[in-house]
Amino acid sequence: MNPVVSVFRHPPDGGRGYHRDTRVRWALEEVGQPYSLRYVTFSEMRRPDYMQLQPFGQMPVYQEGDLTLFESGAIVLHIAQRFAGLLPGGPDARSRSIMWMFAAVNTIEPCIASGSVGYLEQRLQQLALVLGEKTWFEGEDFSVGDLMMVSVLRPLKDSDILKQSRRLQNYVACGEEREAFQRALNAPPSVRRTSGRSDENLSVENFAL
Ligand SMILES: N[C@@H](CCC(=O)N[C@@H](CS)C(=O)NCC(=O)O)C(=O)O
């Protein structure tokens, strides 16, 4: 049975792919694994049956047979380990690729969430320095580390802070140009929201988007 990924029925970002299901669907697209979607509303995410799957009442949730996972980082790592295509062959390169994945969710993403511009500028300068003129962190080969780093940096792409770094801007653009990313971004068009509030009677301000 194909994996099932939960996605917002009415994505508050209007379908721009900034929610954390995109990284999961991108990973599945990269490895060529077909999947199904479960559309959830904010209210449904508060129901006991959903909270048994995701104790914080958030998305994404990933279900594959008897396995249920939450936390987008854990899900993407599982996909990379379960299906070929996102982890390099050599053990050292594999570990480095996973290290970059953690750097994205554990160092860069919290820094973005902190809202501290000075702190973020410093981290991004350091990140750009390590990337150098390489296309990806492991050189020519795209890996799960890049998938997660691009996913985390994407929401900054129109901000002055990312515009300061040609390298990181190119890096994000290269990620977004990948066919697998485009498939993840453009599917499923049916969930796109054209106007209006995100969900029934629950206020969006109270949620992590
Ligand atoms: N650390 C979690 C964060 C999940 C998260 O913040 N999900 C957001 C959508 S991107 C959400 O469900 N927000 C609704 C809420 O917090 O109620 C992950 O990476 O999966």
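Residues numbered from 1 in each chain as written. Predicted model: local features only at pLDDT ≥ 70, side-chain atom pairs only at ≥ 80, totals over all residues. Heavy atoms only, no water.

**Structural notes on the overall build of the protein chain**
Argument step 1. A count of helical and extended segments in the protein chain gives 10 helices and four strands.
Argument step 2. Helices (α) and strands (β) of the protein chain occur, in sequence order from the N terminus, as β-α-β-α-α-β-β-α-α-α-α-α-α-α.
Argument step 3. Taking all 209 residues of the protein chain together, 48% fall into the buried category.
Argument step 4. About 10,400 Å² of surface is accessible on the protein chain, with carbon and sulfur atoms providing 50% of the total. (Helix = DSSP H or I, 4+ residues; strand = E, 2+ residues; numbered from the N terminus. Buried < 20%, exposed > 50% of the residue type's maximum accessible area, 1.4 Å probe, protein only. Areas by Shrake-Rupley, 256 points an atom, 1.4 Å probe, with all protein chains shown as cover.)

**Points about the sheet that holds strand S1 (residues 4–8)**
Sheets are built from strands that pair by backbone hydrogen bonding, the pairs being arranged parallel or antiparallel.
Argument step 1. Reading across the sheet, the four strands line up as S2-S1-S3-S4 and stay open at both edges, with mixed pairing between neighbours. The sheet terminates laterally at strand S2 (36–40) and strand S4 (67–70), the two strands that pair on one side only. Across the sheet, the mean angle from the axis of one strand to that of its neighbour is 25°, orientation sign disregarded.
Argument step 2. Pairing analysis gives two bridges linking S1 to strand S3 (residues 61–64), with the strands arranged antiparallel. Looking at S3, one finds that Val4 is bridged to Gln63.
Argument step 3. Contacts from helix H1 (residues 21–31) reach S1, S2 and S3 within the one sheet, and its direction differs from that of S1 by about 145°.
Argument step 4. Those strands touched by helix H4 (residues 72–82) are S3 and S4, and its axis lies near 135° from that of S4. (Pairing = 2+ DSSP bridges. Axes fitted to C-alpha atoms, helices over the stretch in contact; angles between N-to-C directions. Contact = heavy atoms within 4.5 Å.)

**With respect to the pairing of S2**
Argument step 1. Alignment of S1 against S2, held across five bridges, turns out to be parallel. Bridge pairing in S2 links Val5 to Leu37.
Argument step 2. Assessed by its sense of winding, the connection that carries the chain from S1 through H1 to S2 is right-handed. (Right-handed = clockwise from strand over helix to strand, strands pointing away.)

**Some thoughts on helix H10 (residues 179–186)**
Argument step 1. Listed in full, the buried residues belonging to H10 are Ala180, Phe181, Ala184 and Leu185. Around the axis of H10, the buried residues are gathered within 135° of arc, so they sit on the same side.
Argument step 2. On its buried face, H10 is in contact with H1 and helix H9 (166–177). (Arc of directions from axis to C-beta.)

**Structural notes on the confidence of the model for the protein chain**
Argument step 1. The share of residues in the protein chain with pLDDT of 70 or more is 89%, and the mean pLDDT across the chain is 91.
Argument step 2. In the predicted structure, residues 189–206 sits below a pLDDT of 50 and forms 34 contacts with residues beyond four places in sequence or in another chain. (pLDDT = per-residue confidence, 0-100.)

**Section: H4**
In an α-helix, one turn spans 3.6 residues; hence positions three or four apart end up facing the same way.
Argument step 1. In terms of burial, H4 is a largely internal element, eight of the 11 residues being buried.
Argument step 2. Of all the residues in H4, the buried ones are Ser72, Gly73, Ile75, Val76, Leu77, His78, Ile79 and Ala80.
Argument step 3. If you follow the buried residues of H4, they end up packed against H1, S3, S4, helix H5 (91–114) and helix H7 (144–153).

**A few points about the pattern of salt bridges**
Argument step 1. All chains considered together, the criterion is met by 11 salt bridges.
Argument step 2. Notably, a salt bridge pairs Arg178 with Glu30, separated by 2.8 Å at the nearest N-O pair. Here Arg178, found in the loop between H9 and H10, pairs with Glu30, found in helix H1; they are 148 residues apart in sequence, far enough to count as distant.
Argument step 3. Using a relative accessible area of 25% as the deciding quantity, one classes Arg178 as partly exposed.
Argument step 4. Across the pair Arg166 and Glu133 runs a salt bridge, and its minimum N-O distance is 3.2 Å. A residue pair is termed long-range when its members are at least 10 positions apart, and Arg166 in helix H9 and Glu133 in the loop between helix H6 (117–131) and H7 qualify at 33 residues.
Argument step 5. The exposure class assigned to Arg166 is partly exposed, which follows from its relative accessible area of 49%.
Argument step 6. Because the salt bridges share partners, they merge into one network encompassing Arg20, Arg23 and Glu109. (Salt bridge = Lys/Arg side-chain N within 4 Å of Asp/Glu carboxyl O.)

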